[in-house]
Structure formats: C-alpha cells, structure tokens
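Listed below are the residues making up each chain.
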Amino acid sequence: MTLKTKILEDIKICKMERKHLEQVVEIEKQFFSEAWTVQNYINEISKPSSYLVVACIGENVIGHVGMYTVFSEGYILNIAVREGYHNLGIGKMLMEEMLAYSLENELEFITLEVRKSNINAINFYKKLEFDITGERKDFYKYPTEDAYIMTGYLKTKE
C-alpha cells in the first residue's frame, strides 16, 4: 500500500462545524491574501443555502470547500488543501462531494472564480469538466488580478 493510498483511506469528508473553524482559517491563510475569518465561517455554516465540508484525518482538518446555492445554481466559495497534502487527490474528493451534493439537490450548474495565473487550479477544474465561461476584471486583490469564471454544468439543457 502506498502512502497516498493510506492517506486517502484515512480521510473522512464531513460537514464543517465550529470545532473545525480554527484549522480551516489556518489553511485559508496559507493560500488566500484575503482569507476568511472564523466569524465569516460561523456566518456561512449557519445559512441553510450553504454547504461547507472538511476533509479530516482524525481530528486534523487537511482541506475544505464551501458552496452556497441560489435556486438551482451553486457558487463555490473557497477550496483549499493544507500544505504537504497536495497532489494526493484530496481537492478532487472535496469537489466530488460538491458535485454529488449538487446532483442530489438538482442544481443546474456550479460556478467559481479562479485567478488567471493559477494554471494548476484551472487545469484541475478542467479535468472536472468545468469550462471558462467569463472573466471578472480586477476580481482579486493583493496582488490585483483578473479572474476566470469557470462553470460545470450538471443538467443537460432541454
């Protein structure tokens, strides 16, 4: 058994709770210049239109993703995997959870923004069958950068 296989077997995906938030924010600070705070997450997990999950090994949060819904649309908030756990398939597991939730709740699509310079993330989303569907000028700060809007369609248009 490889280390990757062992790690993936030990991962549990569960709904984000207050007990996870300090670790989630710690991960956020590793990747986002405007990281969410514990209070941001407390506000979000209390909304019935939001679905936020964590990937854990035991009590250790190693990744998270969140989405909010409006009617039949899903909007990814943030996704991040802790340093040292990249390229193991954890991000894919998290996004597959969002896709499964979206199908169960009959969403038509999921959309997200990604920095234009983040080629690894763009390729990751393309592998999950997301397409570039638009752009947002100066969407990101620190540094200022445009974003691609990427969308994954879950239902075939009739």
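Refer to the structure presented above.
All of these numbers come straight from a predicted model, not from anything done at the bench.

1. Quick word on the overall build of the protein
Stage number 1. Across its full length, the protein carries five helices and seven strands.
Stage number 2. What you see for the protein is a C-alpha radius of gyration of 15 Å, in line with the 15 Å of a compact globule of 158 residues.
Stage number 3. Once the C-alpha set of the protein is aligned to its principal axes, its extents read approximately 40 × 40 × 35 Å.
Stage number 4. Residues counted as buried form 42% of the 158 residues belonging to the protein.
Stage number 5. With the model as given, the accessible surface of the protein reaches about 9,300 Å², and the carbon-plus-sulfur share is 48%.
Stage number 6. Across the protein, the mean location of the 19 positive side-chain charges is 2 Å away from that of the 24 negative side-chain charges.

2. Remarks on unusual backbone geometry
Stage number 1. Omega for the bond connecting Tyr 142 with Pro 143 falls within 30 degrees of zero, at 0 degrees, which places this linkage in the cis form.
Stage number 2. As for its position among the elements, Pro 143 is in the loop between β6 (131–140) and β7 (145–153).
Stage number 3. Positive phi outside glycine occurs at Phe 71, with the angle close to 50 degrees.
Stage number 4. Checked against the element boundaries, Phe 71 lands in the loop between β3 (60–70) and β4 (73–81).
Stage number 5. The exposure class of Phe 71 is exposed, given its relative accessible area of 80%.
Stage number 6. Phi is positive for Asp 138, close to 50 degrees, though the residue is something other than glycine.
Stage number 7. Positionally, Asp 138 belongs in strand β6.
Stage number 8. Take Asp 138: its relative accessible area is 34%, and that puts it in the partly exposed class.

3. Quick word on the packing of aromatic side chains
Here the distance between the centres and the angle between the planes together describe a pair of aromatic rings.
Stage number 1. For the structure shown, the criterion picks out eight aromatic pairs.
Stage number 2. A centroid spacing of 6.3 Å and a plane angle of 85 degrees characterise the contact between Tyr 75 and Phe 109, whose relative ring orientation is edge-to-face. Of this pair, Tyr 75 sits in strand β4 while Phe 109 sits in strand β5 (residues 109–115); the two residues are 34 residues apart in sequence, bridging distant segments of the chain.
Stage number 3. Of the residues examined, Tyr 75 reaches a relative accessible area of 22% and is grouped as partly exposed.
Stage number 4. The class of Phe 109 is buried, set by a relative accessible area of 17%.
Stage number 5. Clustering of aromatic rings is evident, with ring pairs tying together Tyr 68, Tyr 75, Phe 109 and Tyr 153.

4. A look at the packing of helix α2 (residues 21–31) against helix α3 (residues 38–45)
The relative placement of two packed helices comes down to the angle between their axes together with the axis-to-axis distance.
Stage number 1. Remark: α2 packs on α3, axes separated minimally by 9 Å, with the N-to-C direction vectors making an angle of 120 degrees. Viewed along their axes, α2 and α3 adopt a mutual orientation that is oblique. Note that α2 runs across α3; the crossing there is right-handed. The segment α2 lies against α3, with Leu 21, Glu 22, Val 24, Val 25 and Glu 28 engaging Val 38, Tyr 41, Ile 42 and Ile 45.
Stage number 2. Of the residues that constitute the contact of α2 with α3, the class distribution is seven nonpolar, no polar and two charged.

5. Comments concerning the sheet that holds β7
Stage number 1. The sheet built from seven strands is open, its strands ordered β1-β2-β3-β4-β5-β7-β6 with mixed pairing. Edge positions in the sheet fall to β1 (11–15) and β6, since each of these pairs with one other strand and no more. When strand polarity is set aside, the average angle formed by the axes of neighbouring strands in this sheet is 25 degrees.
Stage number 2. Taken together, the seven bridges between β5 and β7 define a ladder with antiparallel strand orientation. Bridge pairing in β7 links Phe 109 to Tyr 153.
Stage number 3. Packing against the sheet, α3 makes contact with β2 (50–57), β3 and β4, and its axis sits at approximately 120 degrees to β2.
Stage number 4. Docked against the sheet, helix α4 (residues 90–104) engages β1, β2, β3, β4 and β5, running at close to 30 degrees with respect to β3.

Analysis parameters
Residues numbered from 1 in each chain as written. Predicted model: local features only at pLDDT ≥ 70, side-chain atom pairs only at ≥ 80, totals over all residues. Heavy atoms only, no water. Helix = DSSP H or I, 4+ residues; strand = E, 2+ residues; numbered from the N terminus. Rg over C-alpha atoms; globule rule 2.2 N^0.38 Å. Buried < 20%, exposed > 50% of the residue type's maximum accessible area, 1.4 Å probe, protein only. Areas by Shrake-Rupley, 256 points an atom, 1.4 Å probe, with all protein chains shown as cover. Lys, Arg positive; Asp, Glu negative; His and termini not counted. Charge placed at Lys NZ, Arg CZ, Asp CG, Glu CD. Phe/Tyr/Trp six-rings, centres within 6.5 Å; stacked < 30°, edge-to-face > 60°. Axes fitted to C-alpha atoms, helices over the stretch in contact; angles between N-to-C directions. Parallel < 35°, antiparallel > 145°, perpendicular 65-115°, else oblique. Left-handed = near helix turned anticlockwise from the far one by under 90°. Contact = heavy atoms within 4.5 Å. Nonpolar A, V, L, I, M, F, W, Y, C, P; charged D, E, K, R; others polar. Pairing = 2+ DSSP bridges.

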